[in-house]
Amino acid sequence: MTYRAAPGHYETMQYRNAGRSGLKLPVISLGLWQNFGGARDYPSAFEMLGAAFDAGITHFDLANNYGPPPGSAEELFGQVMARDFKPYRDELIISSKAGYQMWDGPYGEWGSRKNLIASADQSLKRLGLDYVDVFYSHRFDPKTPLEETMGALATLVAQGKTLYVGISNYPEAETRAAHAILKDLGVPCILHQPSYSILNRWIEDDKTVDACGELGIGMIAFSPLAQGVLSGKYNGGDTAGARGTSNNPFLKADRIKPETLDAVGKLGAIARARGQSLPQMALAWVLRRPELTSALIGIRTLGQLQDNLGALNNLSFAPEEIAAIEAATTHGMTPGHPRWW
C-alpha cells in the first residue's frame, strides 16, 4: 500500500527557525538514537515514522553510530525513505553526525577530516540519499585542530553532501571557536545539539546556551526527558522496556539517585496541576527558552509519540510554575555538572 501523508499534517505543529538561518524545524523532532536499531523491523519503524510525519514532525535525526548495532538506524531509516518517504524528500529534514566510535582503528572516531568525510559517505550509502540536510561534528576532538574539523564540514557543504552544518556536545569556548572558523569559511554553524533537560542543565552553567543565543546558533536538545527518568516510570515501577533496565551504557535504573526520584515526584505534581503529563511539561520546559529551536524525542511506542505531542497544547509557564520547578530540583544538583545519575 502506497503511503500518503495525512491531510493537514502541518496544521498542528509549530516551527521555529534554526538560529539566524532560514531553516525551520518542528519544535518536536524525532531522534533515532536507541529505539530504531537492529531490534526493530521495517513495519514497526514505518508505523512510528509515518505517524510522526503525519503529525507534522519533519525532522528526523540520526548519527552514523546509532543502533544498536552501529549503522542500523540509518539503514532502517533508509528503507522507510526508499519505500514510503521518497515522494516527500523535499519536505523532510534529515540529519546525521560523526565523531563517536564507528569502526576499528585510529580513523573510526573523533574529528579528523579522514573520519568526517568517510563517515558522511558511509551514512549517505546507508540512508540511500544524495545529501543530508544537516551534518554535525558529534563531539569536540581535543587532539585534532578545530580548523581541520570545521574545514571538513565546510568541504561536505561544497561537495553537496549536506546543506547545513552543526556541532553537538561542544562546550562554550569550543562553540565560539567553531562558529568563528566556519564563519571565515563562509559556512554558517546553524545548530548546536546538546543534552538538556530539567535534570541536566550543563549548557546553562557552562554558558553554552548564552553563546548560541549571542551568535545566532539554534539549539536542539537531545534527552529532554533525561532518557526516560522524566517520564516518571522509575518512580512508579512500570519499567518494562525502559532504557535503564536494558543494556544502555548511559543509564542504569539502580544508579538513579533517591533525590532524583524525589524531585521527579514533585515535578509530576506540578505537571498535573498544569493539566499535563510529566513528559509534556519536561518538553515544554526545554522549549521555554528562545535559544531552543527544537526538542528531540525518542519513542518506543505510538502512545509515547502522542503523549509527547501533547506538549504543544501548553508551552508557556507562569512565573510561579518556574519557581516551583526550581524548588523541586534544587536539592542534589551538582554545580558545574548537573546530572542526576
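Preceding block: the structure.
Values in this document were obtained by computation on a predicted structure and should not be read as measured data.

**Remarks on the packing of aromatic side chains**
Here is step 1: On inspection of all chains with the given rule, the structure shows 14 aromatic pairs.
Here is step 2: On the numbers, 5.3 Å between centres and 40° between planes, the contact of Tyr196 with Trp285 is tilted. Pair noted here: Tyr196 is in the loop between β8 (189-193) and α6 (202-205) and Trp285 is in helix α10 (residues 278-287), with a separation of 89 residues, a long-range link. Side by side, Tyr196 and Trp285 carry an identical accessibility label, which is buried.
Here is step 3: Taken together, Tyr3, Tyr10, Tyr15, Tyr42, Phe46, Phe53, Phe60, Phe77, Phe85 and Tyr88 form an aromatic cluster joined through their ring pairs.

**Things to note about the nonpolar core**
Here is step 1: Grouped together as the largest cluster of nonpolar side chains are 94 residues, with contacts concentrated most on Phe60, Phe77 and Phe85.
Here is step 2: Per element, the largest residue contribution to this core is eight residues, and it comes from α10.
Here is step 3: Sequence-distant contacts of Phe60, that is, excluding residues within four places in its chain, are made with Leu30, Leu32, Leu49, Ala52, Phe53, Phe77, Phe85, Leu92, Ile93, Ile94 and Ser95.

**Some details on the sheet that holds β8**
Here is step 1: Strand order in the closed barrel made by the eight strands is β3-β4-β5-β6-β7-β8-β9-β10, with parallel pairing throughout. Taking the axes of each pair of neighbouring strands and ignoring which way they run, one obtains an average angle of 30° across the sheet.
Here is step 2: With two bridges joining them, strand β3 (residues 28-31) and strand β4 (residues 59-61) adopt parallel strand pairing. Counted as the bridge partner of Gly31 is Asp61 from β4.
Here is step 3: In the packing of α10 onto the sheet, contacts are made with β3, β9 (218-221) and β10 (292-297), and the angle to β10 comes to roughly 150°.

**Some words on helix α1 (residues 42-54)**
Here is step 1: With 13 residues, α1 ought to run about 18 Å at 1.5 Å a step, and its terminal C-alpha atoms sit 18 Å apart, in line with that.
Here is step 2: Along α1, the positions that sit buried rather than exposed are Tyr42, Ala45, Met48, Leu49, Gly50, Ala51, Ala52 and Phe53.
Here is step 3: For α1, the N-terminal capping position is held by Asp41, with its side-chain oxygen 3.0 Å away from the main-chain nitrogen of Ser44.
Here is step 4: Count one or two residues on from α1 and you reach Gly56, which has phi positive near 95°.

**Points about the pattern of salt bridges**
Here is step 1: Considering all chains together, one arrives at 14 salt bridges under this definition.
Here is step 2: Notably, a salt bridge pairs Arg139 with Glu109, separated by 2.7 Å at the nearest N-O pair. Pair noted here: Arg139 is in the loop between β6 (132-137) and α4 (146-158) and Glu109 is in the loop between β5 (93-98) and α3 (113-127), with a separation of 30 residues, a long-range link. Each of the two residues, Arg139 as well as Glu109, counts as buried.
Here is step 3: A salt bridge links Glu214 to Arg176, with the nearest nitrogen and oxygen atoms 2.9 Å apart.

**Quick word on α10**
Here is step 1: Most of α10 is tucked away: 10 of the 10 residues are buried.
Here is step 2: Looking only at α10, the buried set comprises Leu278, Pro279, Gln280, Met281, Ala282, Leu283, Ala284, Trp285, Val286 and Leu287.

Rules used throughout
- Throughout, residues of each chain are indexed from 1 in the direction in which the sequence is written.
- Selection of residues for local features in this predicted model requires a pLDDT of at least 70, selection of side-chain atom pairs for listing and counting requires 80 or more, and totals for whole chains, interfaces and linings are taken over all residues.
- The side-chain figures draw on all heavy atoms in the structure; neither hydrogens nor water molecules are used.
- Only Phe, Tyr and Trp rings are paired, with Trp represented by its six-membered ring, and only when their centres lie within 6.5 Å; those with planes under 30 degrees apart are stacked, over 60 edge-to-face, the remainder tilted.
- Each helix corresponds to a stretch of at least 4 residues labelled H or I by DSSP, and each strand to a stretch of at least 2 residues labelled E; elements are numbered beginning at the N terminus.
- For every residue, the accessible area obtained with a 1.4 Å probe (protein chains only) is divided by the maximum for its type, and the residue is called buried under 20%, exposed over 50%, and partly exposed between those limits.
- By nonpolar core we mean a set of buried residues, namely Ala, Val, Leu, Ile, Met, Phe, Trp, Tyr and Cys, connected to one another through side-chain atoms within 4.5 Å.
- The contact rule is simple, with two residues in contact once any of their heavy atoms fall within 4.5 Å.
- Pairs of strands are assigned from DSSP output, requiring at least two bridges between the strands.
- Lines fitted to the C-alpha atoms define the axes, with helices restricted to the stretch that makes contact. Angles between their N-to-C directions range from 0 to 180 degrees.
- The length a helix should cover is 1.5 Å for every residue beyond the first.
- Any pair of nitrogen or oxygen atoms within 3.5 Å is treated as a polar contact; in protein, a donor-acceptor pairing is required on top of that, and neighbouring residues in sequence qualify only through side-chain atoms on both sides.
- Should a side-chain nitrogen of Lys or Arg be within 4 Å of a carboxyl oxygen of Asp or Glu, the pair is scored as a salt bridge.

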